[in-house]
Amino acid sequence: MAICFFSPLKPLPLSPFPHTTKSSPLLRCNFSLPTTITTTTEPEPVFTSVKSFAPATVANLGPGFDFLGCAVDGLGDFVSVTVDSSVHPGEISISEISGTHASKKLSKNPLWNCAGIAAIATMKMLNVRSVGLSLTLEKGLPLGSGLGSSAASAAAAAVAVNEIFGGRLSVKELVLAGLESEAKVSGYHADNIAPAIMGGFVLIRNYEPLDLMRLEFPEGKDLVFVLVSPDFEAPTKKMRAALPTEIGMPHHVWNCSQAGALVASVLQGDLVGLGKALSNDKIVEPKRAPLIPGMEAVKKAAIAAGAFGCTISGAGPTAVAVIDSEEKGKEIGAKMVDAFLREGNLKAVATVQRLDRVGARLVASVPYR
């Protein structure tokens, strides 16, 4: 859920890890170590100010509920962080929030804002005590869209704070900082925050301890997402409440086979197989789709128009279809928009984007002093 708030959860313990390059296929993050600071020596600022970007994400991808997600290029949030002498040393303030109309709902209290929570977690990991920081958040993603809005803010904030002090933290540690925000905002789920930071496809192999695998989609392959967002709110809490408490063995076996096929298709660059697998969830999507007016018709319209597959992005209400060309994606998007209006009486907006292989990154900086 993208609306940021604070709940009195215990802080997640953070643990140090050796730096691993982004191309590493396996990242293991162990929460069991009882340390909350990963840098014992306080770093000096390298930049006076920085600006970072973090992409939107599509979580679940059908049968990958709570353990699979990917980053989407062209959509996301920006965060700027500045060394500010007016802010108490070791603390952070949020000076401005702009962007989408719904961003006015977000609090400037850093303890109640997903970007602020992630920024504070990153400062603690870096052991920053002598300087204060001010933060501005520019929302490019609507709230409650199913596109990882809260994760994008958290990822951009964690990266910005890390970079202003020279980028000392590893990718794994940044995921941990972002997870601290996600845990307080929308639940302990890494299928948005991990791809927002790491880019590409990420599989969460385990949560206790956290174990992440980056799935390399082949270079040179065109993967296009058709994202259609209706004018409808689908709160994560409500959408999770609709899920079954028990799952029969046949559906368990079916979803496991589809998730395996989905992962294999990603690694092979098999777009037809990927689309087929993400369209065949028998556990989560059948419970959520009826709660989004017109969703079932939208899925049928996408596939009839030539999409390789279609499902709900995250908790919804955005529908995501996959195809191999932007031109074809625009045609599919138009059909999906029509279906939302015709069958769900909802206005919708379509956008066509490619896979983001980079994840959260620095986009501007001003050297310190």
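Residues numbered from 1 in each chain as written. Predicted model: local features only at pLDDT ≥ 70, side-chain atom pairs only at ≥ 80, totals over all residues. Heavy atoms only, no water.

Undergrad: What exactly am I supposed to notice about the overall build of the chain here?
TA: Counting its regular elements, the chain contains 10 helices and 12 strands. A buried classification covers 56% of the 369 residues belonging to the chain. A separation threshold of at least 6 residues defines the contact pool for the chain, and within that pool the share at least 24 residues apart is 76%. Working note: accessible area of the chain is about 15,100 Å², and carbon and sulfur atoms make up 56% of it. (Helix = DSSP H or I, 4+ residues; strand = E, 2+ residues; numbered from the N terminus. Buried < 20%, exposed > 50% of the residue type's maximum accessible area, 1.4 Å probe, protein only. Contact = heavy atoms within 4.5 Å. Areas by Shrake-Rupley, 256 points an atom, 1.4 Å probe, with all protein chains shown as cover.)

Undergrad: Any chance you could explain the pattern of salt bridges here in plain terms?
TA: Two side chains with opposite charge may pair up if their charged atoms get near one another. Scanning all chains against the criterion turns up 13 salt bridges. Salt-bridge contacts for Glu138 lead to Lys51; the nearest nitrogen and oxygen are separated by 4.0 Å. A residue pair is termed long-range when its members are at least 10 positions apart, and Glu138 in strand E5 (residues 133-139) and Lys51 in strand E2 (residues 47-59) qualify at 87 residues. Since its relative accessible area comes to 28%, Lys51 is described here as partly exposed. Measuring nitrogen to oxygen at the nearest pair gives 3.9 Å for the salt bridge that ties Lys184 to Glu180. On the criterion of helical spacing, the pair formed by Lys184 and Glu180 is a turn pair, its members being four residues apart in helix H3 (residues 171-185). Here the salt bridges share partners, and the residues they tie into one network are Asp73, Asp356 and Arg361. (Salt bridge = Lys/Arg side-chain N within 4 Å of Asp/Glu carboxyl O.)

Undergrad: For this particular structure, what's the right way to read unusual backbone geometry?
TA: Note: most peptide bonds trans; most residues except glycine with negative phi. Note the cis peptide between Glu208 and Pro209, where omega equals 0 degrees. Relative to the helices and strands, Pro209 resides in the loop between strand E6 (201-207) and strand E7 (210-215).

Undergrad: Would you explain the sheet that holds strand E11 (residues 348-354) in this entry?
TA: Picture the strands of a sheet paired through backbone hydrogen bonds; they go either parallel or antiparallel. Spatial strand order, E9-E10-E8-E11: four strands in an open sheet with antiparallel pairing. With partners counted over all chains shown, the strands left at the sheet margins are strand E9 (309-312) and E11, one partner each. Going from strand to strand, the sheet's axes swing by 20 degrees on average, the running direction of each strand aside. As paired elements, strand E8 (residues 224-230) and strand E10 (residues 319-323) share five bridges and run antiparallel to each other. Directly across from Phe225, in E10, lies its bridge partner Val322. Taken strand by strand, helix H10 (residues 326-344) contacts E8, E9, E10 and E11, and its axis lies near 20 degrees from that of E8. (Pairing = 2+ DSSP bridges. Axes fitted to C-alpha atoms, helices over the stretch in contact; angles between N-to-C directions.)

Undergrad: Even after reading the chapter, I still don't get the pairing of E9, so can you show me in this structure?
TA: Remember that side chains alternate between the two faces of the sheet whenever the strand is regular. Examined bridge by bridge, E9 and E10 share four bridges and lie antiparallel to one another. Across the sheet, residue Cys310 finds its bridge partner in E10, namely Ala321. In sequence, E9 turns back onto E10 through a hairpin of six residues, with Gly314 there showing a positive phi of about 60 degrees.

Undergrad: How should I be thinking about the packing of aromatic side chains in this particular structure?
TA: In this description, an aromatic ring pair is defined by two values, namely the gap between the centres and the angle between the planes. All chains considered together, the criterion is met by two aromatic pairs. Directly above the aromatic system of Phe78 lies the positively charged group of Lys51, at a separation of 4.9 Å from the ring centroid. Positioned above the aromatic ring of Trp254, the side-chain terminus of Lys282 is 4.1 Å from the ring centre. (Phe/Tyr/Trp six-rings, centres within 6.5 Å; stacked < 30°, edge-to-face > 60°. Lys NZ or Arg CZ within 6 Å of the ring centre and 35° of its normal.)

Undergrad: Would you mind going over the environment of Arg214 with me for this structure?
TA: Positionally, Arg214 belongs in strand E7. Assessed through its relative accessible area of 8%, Arg214 is described here as buried. In sequence terms Arg214 and Cys70 are 144 residues apart; their C-alpha atoms lie 9.6 Å from each other. Separated by 3.2 Å, the side chain of Arg214 and the backbone oxygen of Met198 make a polar contact. Among the polar contacts made by the side chain of Arg214, one reaches the side chain of Glu216 at a distance of 2.9 Å. (Polar contact = N/O pair within 3.5 Å; in protein donor to acceptor, adjacent residues only side chain to side chain.)

Undergrad: Hey, could you run me through the confidence of the model for the chain in this one?
TA: Mean pLDDT over the chain: 87, with 88% of residues reaching 70 or higher. A low-confidence stretch, residues 1-37 stays under pLDDT 50, and its non-local contacts, those more than four residues away or across chains, total 105 contacts. (pLDDT = per-residue confidence, 0-100.)

Undergrad: Sorry if this is basic, but what is going on with the nonpolar core here?
TA: Across soluble globular proteins, nonpolar side chains have a tendency to be buried as a group. Grouped together as the largest cluster of nonpolar side chains are 80 residues, with contacts concentrated most on Val81, Leu133, Leu135, Phe201, Leu210 and Phe225. Considering each element in turn, this core owes the most residues, 11 residues, to helix H2 (residues 149-164). Formed by 26 residues, the second largest nonpolar core is a distinct cluster that contains Val228, Ile323, Phe340 and Ala348. (Core = buried A, V, L, I, M, F, W, Y, C linked by side-chain atoms within 4.5 Å.)

Undergrad: In this structure, what is going on with the side chain of Glu182? I would like to understand it.
TA: Inspection of the secondary structure puts Glu182 in helix H3. Buried within the structure, Glu182 lacks any salt-bridge partner; Lys139 is the closest side chain of opposite charge, at an N-O distance of 9.2 Å. Setting aside its immediate chain neighbours within four residues, Glu182 contacts Ser150, Ala151, Gly187, His189, Asn192 and Ile193. (Lys, Arg positive; Asp, Glu negative; His and termini not counted.)

Undergrad: What should I look at first to understand the pairing of E10 in this one?
TA: Burial analysis of E10 places five of its five residues in the buried class, the great majority of the element. Residues of E10 alternate between two faces, with Ala319, Ala321 and Ile323 on one and Val320 and Val322 on the opposite face, all of them buried.

Undergrad: Looking at this structure, how should I read the packing of helix H1 (residues 114-126) against H3?
TA: When two helices pack together, their arrangement is given by the angle between the helix axes and the distance between those axes. Orientation of H1 relative to H3, taken along the N-to-C sense of each, is 140 degrees, at an axis distance of 8 Å. The orientation of H1 with respect to H3, classified from their angle, is oblique. When you trace H1 past H3, the crossing you get is right-handed. Taking contact as the criterion, the partners of Cys114, Ile117, Ala118, Ala121, Thr122 and Met125 in H1 are, on H3, Glu173, Ala177, Gly178, Glu180, Ser181, Lys184 and Val185. (Parallel < 35°, antiparallel > 145°, perpendicular 65-115°, else oblique. Left-handed = near helix turned anticlockwise from the far one by under 90°.)

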